[in-house]
Every structure is written in C-alpha cells, then in structure tokens.
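A closer look at the structure
Single-letter residue listing:
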Amino acid sequence: MKLIGITGKSGAGKTTLSNLIGQNENVGVIHIDELMEKVKKQKLSGMMDNNKEGEPVAIKKNIRKILYGNKYIFLAYIKAKGILLNPKINEKIKQLEEEGKEVVVIECIYLKYFPIFKQLDKKVLVQRPYIKRQESVLERDKEKNMDKEVFAIWDLPHKRSYYKDDIGSYEYKINNNNDKDYLKQVAKEIYEDVKEISIQDKRKQNFKPYKCKTKKLEIDRNSPKIREEEKTNETR
C-alpha cells in the first residue's frame, strides 16, 4: 500500500487533482474534509450555521474568527483535529486495502499537522493565486453560506504567516493555472511515480536469495588410488 498526500490552500485544486489520480482502478481517495464534516455534524452541530433545510453546514463565522484568528488557538485546533481524525483515516485506509486498492490518495489543507503525514510515500503541494482560489470556493460552497468574508477568515493563517507551506518537504510543487490538461498530465506522472515504487517493493518482497546446494563428498579411504597417495606422502 502506497500513500500520496495532497495539500494546499483552500480552493487550490487538491480535490480535482486527487480525483484525477483516483480515476485509476487500483487507487482509493480519502477527502479528510468529508470525514471532518461527519464529525462536525455529530458532535459540533451547536457551533454550526444551518442551511435552508435546517442542516448544519459550516462552523459559525464568529467561532471561525476565534479558531483562525489566533495563532496558538489555530495550531492547537488543527493538531487536535489531526489526532481526532487519525483513527478514522487509518480505518478508511484499511477498508480501501481490503477492497484491493494498492494506492491511497489523502487530501487536506493542513495535512502536515496530521500524524499520517509522516507515513506518506509522496507529498504534493498544490498552489493557486488568491483570486482564483476565492472564485472556486465561492462557487463550490455557496450552499454552505460561503462568502468573501468567510473565505478571508479561512485564509488568515496563511496571510498572517503562522501556517507556512513547507516547500522543502514536498516531492511535487504544482502551480494550478486552471489548465485541466496540465493537471491530468501531473496526475498521470504522480501515479506512474508511485506505481514504480510499488513495483520495486513487490520485487524486493518476492526476491529470494539463491542457495547453492552442495553435495557432501565422502572419500573412500580404502580406495587403491588414495592408499597409494598416502604411502607416497609417508615416504617423503
């Protein structure tokens, strides 16, 4: 089982790229936000705004300001989120493995603060300009009471630099310029890269050192030839 981690700011294109890689038959995809939404609805519904149908859809704006507006509260929140979701992530990985998946893509904004980050075989950072990200999120989350102010709150950790994308820890740095063909090519390259690692691992697992079988030779000391050689050696 190989793990690919995809991260980047909100609206960067993480979901699009992970789903493109997930089009391969042996690949499973985990969207951590989807796991978190289930937790929020079960345990944090009182902290959330409701949609027109009365269903909880997003954390209230004033609470979000507290969570994202203070460096120490934000980092504590994100780390707690990672610890809380880690068992669910591992459970999902196990489920996908049982389904026959050989590669799992995990995508999340703050993935590097999650315990699973250290287990990733490939780490991918997707980047995109602020305005393009904003447009994408406003369109995507319009049913979740998303507006420019909420998006700006989401982006506070990046703007105030208490969450920085660590470029050096990623094998891939993708600049998403809205070119779908480019993202498809990137997805193909990442998949081929991980597939090659998987093939090499299988070869290592199947490799068995060849053991040369040696036959023990028993010498007949009564052989005329041996006896003659021994006599010769004695006279010397």
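No experiment lies behind these values; they were computed from the predicted model shown. (Residues numbered from 1 in each chain as written. Predicted model: local features only at pLDDT ≥ 70, side-chain atom pairs only at ≥ 80, totals over all residues. Heavy atoms only, no water.)

1. Structural notes on the overall build of the protein chain
From N to C terminus, the protein chain includes 9 helices and 7 strands. Within the protein chain, the fraction of its 236 residues that count as buried is 40%. Accessible area for the protein chain stands at about 15100 Å²; split by element, carbon and sulfur atoms hold 48% of it. (Helix = DSSP H or I, 4+ residues; strand = E, 2+ residues; numbered from the N terminus. Buried < 20%, exposed > 50% of the residue type's maximum accessible area, 1.4 Å probe, protein only. Areas by Shrake-Rupley, 256 points an atom, 1.4 Å probe, with all protein chains shown as cover.)

2. Let's talk about the confidence of the model for the protein chain
Counting all residues, the mean pLDDT for the protein chain is 81, and 74% of those residues have values of 70 or more. When the criterion is pLDDT under 50, residues 207-221 qualifies, and its contacts beyond four places in sequence or with other chains add up to 5 contacts. (pLDDT = per-residue confidence, 0-100. Contact = heavy atoms within 4.5 Å.)

3. Description of the packing of helix 3 (residues 61-69) against helix 4 (residues 71-98)
It is at 5 Å that the axes of helix 3 and helix 4 come closest, and there the two elements cross at 95 degrees. As the angle between them shows, helix 3 and helix 4 are arranged roughly perpendicular. Contacts between helix 3 and helix 4 involve Ile66, Leu67, Tyr68 and Gly69 from the former and Lys71, Ile73, Phe74 and Tyr77 from the latter. Looking at side-chain class alone, the contact of helix 3 with helix 4 contains 6 nonpolar, 1 polar and 1 charged residues. (Axes fitted to C-alpha atoms, helices over the stretch in contact; angles between N-to-C directions. Parallel < 35°, antiparallel > 145°, perpendicular 65-115°, else oblique. Nonpolar A, V, L, I, M, F, W, Y, C, P; charged D, E, K, R; others polar.)

4. Side note on the sheet that holds strand 7 (residues 172-175)
Reading across from one edge, 2-5-1-6-7 is the order of the 5 strands in this open sheet, with parallel pairing throughout. Sheet topology places strand 2 (27-31) and strand 7 at the edges, where each strand pairs with a single neighbour. Averaged over all neighbouring strand pairs, the angle between strand axes comes to 20 degrees, with direction disregarded. Where strand 6 (residues 122-127) lies against strand 7, 4 bridges are found, and the strand directions are parallel. Paired with Val124 across the bridge in strand 7 is Tyr172. (Pairing = 2+ DSSP bridges.)

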